[in-house]
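Results of the structural survey
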Amino acid sequence: MTRLIRTLSLTAAATAAIALALTGCSTQSGGSTDEASGEALRMGTQPWLGYGQWYVAEDQGFFEDRGVDVQLSSFNADSDVNAALAADRLDMANVGAQAALQFIEEGVDVSIVLMLDSATEADAILSTSGIDDVAGLKGKTVAFEKGATSEILIAEALEEAGLDFDDIEVVESSADKVTPMLLAGRVDAGVTYEPYISEALGSEAGAEAVVTAGEFPGLITDVLVVRNDVLDERPDEVRDVLAAWDDSVAYYESDTEAAQGIIAAGVGSDPADLETAFAGVHYYSLAENRDQLSGDYADETLPALAEVAQRIGLISGDVDATSAIRAEFLGE
């Protein structure tokens, strides 16, 4: 379950390389001749449970019920999703909110139309060294993946505590390696996500959560972005796609066990292995989206995320976060 923050380079050389790579990866991405027809809405996704309601929508026939044709194209890497969207091989994509801001800064003509999920307990700063608050990280070794959601979380936590990266000893590590390093005593703290959090907390090493993403509501958020030409030319279909998401969220709430089984199968995992991970993710209904995308998320959370992303170099200039949202497809 890769959760790399989506970075994007649109230099001529990079674009050429992306196009060449995509030409040879149609099997991986679910591409087909139908995908290029324009009849189906082409959606890029990944095996991350936060995007799982799309698997439910497909499995339960909610797209068909809404009269919309959606082709889910599954990618193994975030960069491949981003490249496909930038190259106009997708109509819409599931991405981290910070990736949406990167798209907009780089001139990819997309808008955020739906909040999908946010991490509450599924991302955390962990320690086995008796550190019980972020201030205690000063002078300590902290492992995390640079350019990833973990960097967003640690950056914001440090800022709130009056610290920055110069106050800790950064140890670069992929998220799956953080827990082994922490349990082996090679670092004082680490930033990771589920299922690695559960692995650490369930060990005999005395690991504890110093901070979870739930303390920064909306900071670690995934969104659906859609190309603006699609929004302008096929608005009713986009509304139907969002309605199918809402149908899936309602199904999840009414029969959680069955829905989690569908999602687990979609991401290639056993439901039991994702139990804690599911508990740490919140799926947003359309009613919540109507409230948030014209309220706190638009006015406070997304601009705050943009500030964090700019501070740590994920985006280089000012991005008008509010203008990135188009909420008119959410219904009433």
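To keep things clear, this report deals only with the structure shown in the data block. (Residues numbered from 1 in each chain as written. Predicted model: local features only at pLDDT ≥ 70, side-chain atom pairs only at ≥ 80, totals over all residues. Heavy atoms only, no water.)

Turning our attention to the sheet that holds strand β6 (residues 141-144). Reading across from one edge, β7-β6-β8-β5-β9 is the order of the five strands in this open sheet, with mixed pairing throughout. Strands with a single pairing partner mark the edges of an open sheet, and in this sheet they are β7 (169-172) and β9 (208-212). Adjacent strand axes in the sheet meet at a mean angle of 30° when their direction is disregarded. For β6 and β7, the ladder comprises four bridges, and the chain directions are parallel. Counted as the bridge partner of T141 is E169 from β7. Lying on the sheet, helix α8 (residues 175-183) is in contact with β5 (123-127), β6, β7 and β8 (189-193); it crosses β8 at an angle near 140°. (Pairing = 2+ DSSP bridges. Helix = DSSP H or I, 4+ residues; strand = E, 2+ residues; numbered from the N terminus. Axes fitted to C-alpha atoms, helices over the stretch in contact; angles between N-to-C directions. Contact = heavy atoms within 4.5 Å.)

Relative orientation and spacing of two packed helices are given, respectively, by the angle between their axes and the distance between those axes. In contact at an axis separation of 10 Å, helix α6 (residues 97-105) and helix α15 (residues 296-311) are set at 80° when each is read in the N-to-C sense. On the basis of the axis angle, α6 is roughly perpendicular to α15. Along its contact with α6, which presents A97, Q98 and L101, the element α15 presents Y297, L302, L305 and A306. Partitioning the contact of α6 with α15 into residue classes produces six nonpolar, one polar and no charged. (Parallel < 35°, antiparallel > 145°, perpendicular 65-115°, else oblique. Nonpolar A, V, L, I, M, F, W, Y, C, P; charged D, E, K, R; others polar.)

What follows deals with helix α12 (residues 256-267). Its 12 residues place the ends of α12 16 Å apart at the C-alpha level, agreeing with the 16 Å of an ideal helix rising 1.5 Å per residue. Within α12, the full set of buried residues consists of A259, Q260, I262, I263, A264 and V267. Of the surrounding elements, those touching the buried residues of α12 are α3 (53-59), α11 (235-254), α13 (275-279) and β11 (281-283). Immediately downstream of α12, the backbone of G268 shows phi near 80°, a positive value. (Expected span 1.5 Å × (residues − 1). Buried < 20%, exposed > 50% of the residue type's maximum accessible area, 1.4 Å probe, protein only.)

Let us look at the sheet that holds strand β1 (residues 41-45). Spatially, the six strands line up as an open sheet ordered β2-β1-β3-β10-β4-β11, and their pairing is mixed. Each edge of the open sheet carries a strand with a single partner, namely β2 (70-74) and β11. Pairs of neighbouring strands in the sheet enclose a mean axial angle of 30°, with direction left out of account. Sheet analysis places β1 next to β2, joined by five bridges and oriented parallel. What sits directly across from L41, in β2, is V70. Packed onto the sheet, α6 meets β3 (92-96), β4 (110-119) and β10 (221-227) and runs at close to 115° relative to β3.

Applying the stated criterion to the full structure yields eight aromatic pairs. Consider the rings of W54 and W245, whose centres lie 4.9 Å apart with planes at 55°: the pair is tilted. With W54 in helix α3 and W245 in helix α11, the pair connects residues that are 191 residues apart, well separated along the chain. Looking at W54, the relative accessible area reads 1%, which means it is buried. Taken together, the ring pairs in this structure connect W54, F63, W245, Y252, F278 and Y283 into an aromatic cluster. (Phe/Tyr/Trp six-rings, centres within 6.5 Å; stacked < 30°, edge-to-face > 60°.)

Below, the discussion takes up the environment of P47. Mapped onto the elements of the fold, P47 is located in the loop between β1 and α3. Measuring from C-alpha to C-alpha, the distance between P47 and G268 comes to 7.3 Å, with 221 residues separating the pair along the chain.

Our next topic: the pairing of β10. Of all seven residues making up β10, seven are buried, and the element is well covered by its neighbours. Of the two faces of β10, the one holding T221, V223, V225 and R227 and the one holding D222, L224 and V226 are both buried throughout. Note that β3 and β10 share five bridges and pair antiparallel. Its bridge partner being in β10, N94 is matched across the sheet by L224. When β4 meets β10, the two strands line up antiparallel, connected through seven bridges. Bridged to S111 within β10 is V226.

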